[in-house]
Amino acid sequence: MLATVLTASAATLVAAPAAGLLGYRQLKRAANARHLAITTPNGIDESGYVRIGGIDQWISVRGEDRDNPVVLEIHGGPGASNQIFIPRTRAWERHFTIVRWDMRGSGLTFAQGGPDGQGEMSLERYYRDALEVTGHVRARLGVDKVLLVANSFGTVTGLRLARNHPELYSAYVGTDQNVIAGGREREAYDALLGRLRKAGKRKEYAAVAAMGADRKAWSAGQWSEFNKLVITTDPLSYDTMKTVVIRSLWFSPLHTLRGLRTYLKGMSFTERLGPQAMTVDERADGTEFRLPFFLFQGDRDALTPPEPARRFFEDVTAPVKDFALIEDASHFAAFRHPDRFLELMLGKVRPVLGK
C-alpha cells in the first residue's frame, strides 16, 4: 500500500550512503542483533523457507516460551514484510510465540524467487497460502489453534480467514483495519481532499478529484498515488513513516543493503494487488464471527481511519469483541507504540485464549 512513498523516502539511503552513515548503521544493526537473541530454555528462534502454494516462502518463529500462545501475523503493504519490525516488537516475544511470514511478493520470499518466481499474484492465492501456512504452524508447534493478528493490507485477508475458519484461529486481532465497503468508503478520500485544498495544492487536488471517490475504478497507479498523498500530507503519518518504518528498515539486522533494495522492489511488485482489494465488501461478506474479535486502531490514522473500523465493529457479532484506540498513532499504530499494543494484547486478548 505504501511502496511509492517508502521507496522515494528510502532511495537516497540505499543508493549511495556516506561512510559515516554506513558505520552507524552497522553499529545499530549489531546492537539490534544482540537485542534479538533468545536464550531462554524453552525458547524458539528458527527461520527458513517452507514450500507454500508451490513456491518457497520465508517463515520465522520466535518466542521465549513455546508454551505461550502462538500468533500468526498477516502483514500489510502489500509486500511490506513485518520482519523489519522485530527489534521494535521484541517484548511481544516474552508473552507470545510469533510466526512472521513473508507473503509471496514480499521480503525474503520475493528475494528467493524474484519477480518471475512468485507464481499467481492474487488475493485468492494469498488466502490459500495463509491456510497452508496455518496448517504448517499448527503441525510444527503442535497447537490446535493460532491467534490471528493482521495489520493494514493484511486485514483484507485476515478478516476472511477469521470469518471462515474459527476452527483454526483462537481469536482475530485487526490493527490498521481496512474497511473498504466495495470501494464506497470515502472518509480517507474526503479528508485528503480537505488537506490538499487547505494547503493550496491545486494540482494534487485536481488529480485526486479526477480519480473520483469510487476506489473500484482506480488503476494500480492511482491507488498508489492516493496512498502516497495521504501519508505525505498528514504530519503524524509522515513522521511515522520516517521515524518508525524507514528507521526499522535501515537498521534491520536481517537485511543487507542489497536486501533493502529487494525489499523495496517487492513492495513495488505487489502494488498490482491494490485494485483487487478495492472490490472487497466486508459487510456483504458477513459480520458474524464465531471467535473472539478485536480491533485496535490508531486514533489519528489518516489511511485507514478509526471511524469506519468502529462502525464495522459495531455491526459485528462475536462471542467476545472489543475495540480500542491507540492514542497519538496514525497508520502503523502497533509499531509506533508497540508497548501500548502489547498492553491491549495482554489485557484484552490473552484472557480469552484459555492459556
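Quick caveat, the model's predicted, so the values are computed rather than measured.

About the thresholds
- Residues numbered from 1 in each chain as written.
- Predicted model: local features only at pLDDT ≥ 70, side-chain atom pairs only at ≥ 80, totals over all residues.
- Heavy atoms only, no water.
- Helix = DSSP H or I, 4+ residues; strand = E, 2+ residues; numbered from the N terminus.
- Rg over C-alpha atoms; globule rule 2.2 N^0.38 Å.
- Buried < 20%, exposed > 50% of the residue type's maximum accessible area, 1.4 Å probe, protein only.
- Contact = heavy atoms within 4.5 Å.
- Areas by Shrake-Rupley, 256 points an atom, 1.4 Å probe, with all protein chains shown as cover.
- Lys, Arg positive; Asp, Glu negative; His and termini not counted.
- Charge placed at Lys NZ, Arg CZ, Asp CG, Glu CD.
- Pairing = 2+ DSSP bridges.
- Axes fitted to C-alpha atoms, helices over the stretch in contact; angles between N-to-C directions.
- Salt bridge = Lys/Arg side-chain N within 4 Å of Asp/Glu carboxyl O.
- Parallel < 35°, antiparallel > 145°, perpendicular 65-115°, else oblique.
- Nonpolar A, V, L, I, M, F, W, Y, C, P; charged D, E, K, R; others polar.
- Right-handed = clockwise from strand over helix to strand, strands pointing away.
- Phe/Tyr/Trp six-rings, centres within 6.5 Å; stacked < 30°, edge-to-face > 60°.
- Lys NZ or Arg CZ within 6 Å of the ring centre and 35° of its normal.

## Quick look at the overall build of the protein chain
At step 1: Along the backbone of the protein chain there are 15 helices and eight strands.
At step 2: Over its C-alpha trace the protein chain gives a radius of gyration of 19 Å, about what one expects of a compact globule, namely 20 Å for 355 residues.
At step 3: Taking the principal axes of the C-alpha coordinates as reference, the protein chain spans close to 60 × 55 × 40 Å.
At step 4: When burial is assessed residue by residue, the protein chain has 58% of its 355 residues classed as buried.
At step 5: Within the protein chain, contacts between residues separated by at least 24 positions form 78% of all contacts whose residues are at least 6 apart in sequence.
At step 6: When the accessible surface of the protein chain is summed, it comes to about 13900 Å², and 51% of that surface belongs to carbon and sulfur atoms.
At step 7: For the protein chain, the distance from the average site of its 47 positive side-chain charges to the average site of its 40 negative ones is 5 Å.

## Looking at the sheet that holds strand 1 (residues 44-52)
At step 1: On the basis of which strands lie adjacent, the open sheet formed by eight strands has the order 1-2-4-3-5-6-7-8 and mixed pairing. Of all strands in the sheet, those with a lone pairing partner are strand 1 and strand 8 (321-326), marking the two edges. Adjacent strand axes in the sheet meet at a mean angle of 20 degrees, parallel and antiparallel pairs treated alike.

## Points about the pattern of salt bridges
At step 1: Inspection of every chain in the model, using the stated rule, returns 26 salt bridges.
At step 2: Between Arg310 and Glu307 there is a salt bridge, and its shortest N-O distance comes to 3.4 Å. Residue Arg310 and its partner Glu307 are both found in helix 13 (residues 306-315); the two are separated by three residues, about one turn of the helix.
At step 3: Residue Arg310 is classed as partly exposed on the basis of its relative accessible area, which comes to 27%.
At step 4: What emerges from the salt-bridge pattern is a single network uniting Asp45, Arg62, Glu64, Glu73, Arg90, Glu93 and Arg100.

## Description of unusual backbone geometry
At step 1: The peptide bond linking Gly77 to Pro78 adopts the cis configuration, its omega dihedral lying at 0 degrees.
At step 2: Unlike most non-glycine residues, Ser152 shows phi in positive territory, near 55 degrees.
At step 3: The exposure class of Ser152 is buried, given its relative accessible area of 4%.
At step 4: A positive phi angle is found at Ala181, which is not glycine, with a value near 55 degrees.

## Overview of the packing of helix 8 (residues 220-233) against helix 9 (residues 235-250)
At step 1: One can describe the packing of helix 8 onto helix 9 by two numbers: an axis separation of 5 Å at closest approach and a directional angle of 100 degrees. With respect to each other, helix 8 and helix 9 are oriented roughly perpendicular. Contact residues: helix 8 offers Ile231, Thr232 and Thr233, while helix 9 offers Pro235, Ser237, Tyr238 and Met241.
At step 2: Among the residues forming the contact of helix 8 with helix 9, the class breakdown is four nonpolar, three polar and no charged.

## Side note on the pairing of strand 6 (residues 169-175)
At step 1: In terms of burial, strand 6 is largely enclosed, as seven of its seven residues are buried.
At step 2: By the bridge criterion, six bridges tie strand 5 (residues 146-151) to strand 6 in an arrangement that is parallel. Residue pairing for strand 6: Leu147 is matched across the bridge by Ala171.
At step 3: This β-α-β element, strand 5 to helix 5 (residues 154-164) to strand 6, shows right-handed connectivity.

## Digging into helix 5
In an α-helix there are 3.6 residues to a turn, and that puts residues three or four apart on one side.
At step 1: In terms of burial, helix 5 is largely enclosed, as nine of its eleven residues are buried.
At step 2: Taken as a whole, helix 5 has its buried residues at Gly154, Thr155, Val156, Thr157, Gly158, Leu159, Leu161, Ala162 and Arg163.

## Regarding the pairing of strand 8
A regular strand places its side chains so that they alternate between the two faces of the sheet.
At step 1: The pairing of strand 7 (residues 293-298) with strand 8 spans six bridges and is parallel. Considered in strand 8, the bridge of Gln297 is made with Leu325.

## Let's talk about the packing of aromatic side chains
At step 1: Following the criterion strictly, the structure yields 17 aromatic pairs and no others.
At step 2: Judged by centre distance (6.4 Å) and plane angle (40 degrees), the rings of Tyr189 and Trp218 are tilted. Of the two residues, Tyr189 sits in helix 6 (residues 187-199) while Trp218 sits in the loop between helix 7 (202-211) and helix 8, which places them 29 residues apart along the sequence. Of the two residues, Tyr189 and Trp218, both sit in the buried class.
At step 3: Taken together, the ring pairs in this structure connect Phe85, Trp92, Phe294, Phe296, Phe332, Phe335 and Phe341 into an aromatic cluster.
At step 4: Of note, Arg160 hangs over the ring of Tyr127, and the distance from its end group to the ring centre comes to 3.7 Å.

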